[in-house]
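Take a look at the letters that make up each chain.
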Amino acid sequence: MIFGKTIVVTGAASGIGKRTAELAARMGADVIGIDINEPAIPAGRFLKGDLSSPEGVAEIAMALPDRIDGLCNIAGLSGRAGAVKTLSVNFYGLRALTEALAPKLRDGAAVVNLASLAGYGWRTEVERARDLCDAEGFPEVEALVARHGIGDAESYPVSKQVLILWTQRAAHQPLFKSRGIRVNAVSPGPVETPILSDFRQVLGDEKVDGDVARAGRAGIAEDIAPPVLFLCSDAARWINGANIPVDGGVEASINADVIGF
Ligand SMILES: NC(=O)c1ccc[n+]([C@@H]2O[C@H](COP(=O)([O-])OP(=O)(O)OC[C@H]3O[C@@H](n4cnc5c(N)ncnc54)[C@H](O)[C@@H]3O)[C@@H](O)[C@H]2O)c1
């Protein structure tokens, strides 16, 4: 499925990114992991880098080789680091890296963005999401956070709402579309990784436990890595601009409540 492809994975030191890098390497891909923290045992090559600033993104983009087949944008923060940092890593750094890497992506390559069930509300918050998405490049995030009055706890869902919106835009952005580069998102429900304890503090136990109950169990990183790599593969060649829930059915259950079916 991805044998022989060059796959870049951000967030490769922990959780979902770590598992995705390991699975990709096991499937015969040439893996390049990126993270602000060193992984204990890197799967493939590893590049230390910080996605939270324009300088950090530029350094990563410069250090990566040409001819990349898949970019898995998995690194993320929960909101506990503050709204500016969270929006910077989860959206602006991710988007800046993807756009900077466009010339190094092969024709027909794939980008997979780790969004979240937490971005579910993007349709009802579309005005704000559009405004945040319209700020080009790596903007002054502090000013945007102030303009929209985004609190730290809210910054996580907001970052994922904007990411889901941009994924759909990017699928039709000439930078990618003209060269057959597909851009999709995967939206997990609650997954047992180090970030989940942060979510319990930011979103509250009731919300997390409620989602776990809807699914029947919490997810594990191994539940998320295969769909991410499927989207990187040629088997997904006609999937573009999609946001795929990988959540044990949580979104369907919420839809049933919200829409009433
Ligand atoms: N675990 C969940 O319940 C869940 C649910 C939905 C979505 N997600 C998303 O999945 C992705 C992976 O999260 P996870 O659960 O594996 O969490 P995690 O905390 O285990 O991994 C996140 C990784 O991102 C890295 N990172 C953070 N800031 C960075 C920066 N500035 N530059 C480079 N790397 C940085 C961290 O060092 C860490 O290795 C995130 O985008 C998260 O929002 C997670």
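Structural data are supplied above this passage.
Bear in mind that the values here come from a model prediction, so they are computed numbers and not experimental data.

A.B. asks: Outline the overall build of the protein chain, listing residues and values.
C.D. replies: Along the protein chain, the regular secondary structure elements total eleven helices and seven strands. Taking 2.2 N^0.38 as the reference for a compact globule, 261 residues should give roughly 18 Å; the C-alpha atoms of the protein chain span a radius of gyration of 17 Å, in line with that estimate. Its C-alpha atoms give the protein chain principal-axis dimensions of roughly 45 × 40 × 35 Å. The burial tally for the protein chain puts 54% of its 261 residues in the buried class. Residue pairs in contact within the protein chain that sit at least 24 positions apart in sequence constitute 77% of those at least 6 positions apart. Carbon together with sulfur atoms contributes 54% to the accessible area of the protein chain, which is approximately 11400 Å² in total.

A.B. asks: So, the site of the ligand: which residues are in play, and what are the values?
C.D. replies: Taken together, 31 residues sit near the ligand, with Ser14, Ile16, Asp35, Tyr156 and Thr193 positioned nearest. For the ligand, an oxygen atom lies 3.4 Å from a polar atom in the backbone of Gly76. Isolated, the ligand exposes 830 Å² of accessible area, and the fraction of that covered by the protein chains is 94%. Its atoms largely coinciding with the cavity grid, the ligand occupies the largest pocket. Elements represented by at least two residues in the shell around the ligand include exactly α1 (15–26), α6 (152–170) and α8 (195–203). Residue contributions to the shell around the ligand peak at three residues, all from α8. Its residues assigned to classes, the shell around the ligand comprises 18 nonpolar, ten polar and three charged.

A.B. asks: Hey, could you go over the nonpolar core for me, with residue numbers and the actual values?
C.D. replies: In this structure, Leu64, Tyr92, Leu97 and Trp166 are the most contacted members of the largest nonpolar core, which totals 45 residues. Top contributing element to this core by residue count: helix α3 (residues 83–101), with eight residues. When near neighbours in sequence (up to four residues on either side) are disregarded, Trp166 contacts Phe91, Leu94, Arg95, Thr98, Glu99, Asn113, Cys133, Gln173 and Phe176. Counting 26 residues, the second largest nonpolar core, distinct from the first, contains Ile2, Ile7, Ala43 and Cys232.

A.B. asks: Give a detailed account of the sheet that holds strand β2 (residues 30–35), specifying residues and quantitative values.
C.D. replies: Spatially, β3-β2-β1-β4-β5-β6-β7 is the arrangement adopted by the seven strands of the open sheet, whose pairing is parallel. Each edge of the sheet is formed by a strand with only one pairing partner; in this case those strands are β3 (45–48) and β7 (243–246). Going from strand to strand, the sheet's axes swing by 20° on average, the running direction of each strand aside. Contacts between α3 and the sheet are confined to β1 (6–10), β4 (68–73) and β5 (105–114), with β4 contributing the most and set at about 175° to the helix.

A.B. asks: Outline empty space enclosed by the protein, supporting the account with residue identities and numerical values.
C.D. replies: One pass over the full model with this rule turns up one cavity of 30 Å³ or more. The space that makes up the largest cavity amounts to roughly 60 Å³. Lining of the largest cavity is provided by Ala12, Lys18, Ala21, Glu22, Gly33, Pro39, Ile41, Pro42, Ala43, Arg45 and Phe46. At the level of secondary structure, the elements contributing two or more residues to the lining of the largest cavity comprise α1 and β3.

A.B. asks: Give me unusual backbone geometry: which residues, what numbers.
C.D. replies: Here the phi dihedral of Arg67 falls at roughly 65°; this positive angle occurs in a residue that is not glycine. Looking at where Arg67 falls in the secondary structure, it is placed in the loop between α2 (54–63) and β4.

Calculation criteria
- Residues numbered from 1 in each chain as written.
- Predicted model: local features only at pLDDT ≥ 70, side-chain atom pairs only at ≥ 80, totals over all residues.
- Heavy atoms only, no water.
- Helix = DSSP H or I, 4+ residues; strand = E, 2+ residues; numbered from the N terminus.
- Rg over C-alpha atoms; globule rule 2.2 N^0.38 Å.
- Buried < 20%, exposed > 50% of the residue type's maximum accessible area, 1.4 Å probe, protein only.
- Contact = heavy atoms within 4.5 Å.
- Areas by Shrake-Rupley, 256 points an atom, 1.4 Å probe, with all protein chains shown as cover.
- Near = heavy atom within 4 Å.
- Polar contact = N/O pair within 3.5 Å; in protein donor to acceptor, adjacent residues only side chain to side chain.
- 1 Å grid on protein atoms, 1.4 Å probe; cavity = no way out; pocket = protein on both sides within 12 Å on 5 of 7 lines; lining within 4 Å.
- Sits in = over half its atoms within 2 Å of the grid points.
- Nonpolar A, V, L, I, M, F, W, Y, C, P; charged D, E, K, R; others polar.
- Core = buried A, V, L, I, M, F, W, Y, C linked by side-chain atoms within 4.5 Å.
- Pairing = 2+ DSSP bridges.
- Axes fitted to C-alpha atoms, helices over the stretch in contact; angles between N-to-C directions.
- Points joined across faces, edges and corners; volume = space filled by probe spheres on them.

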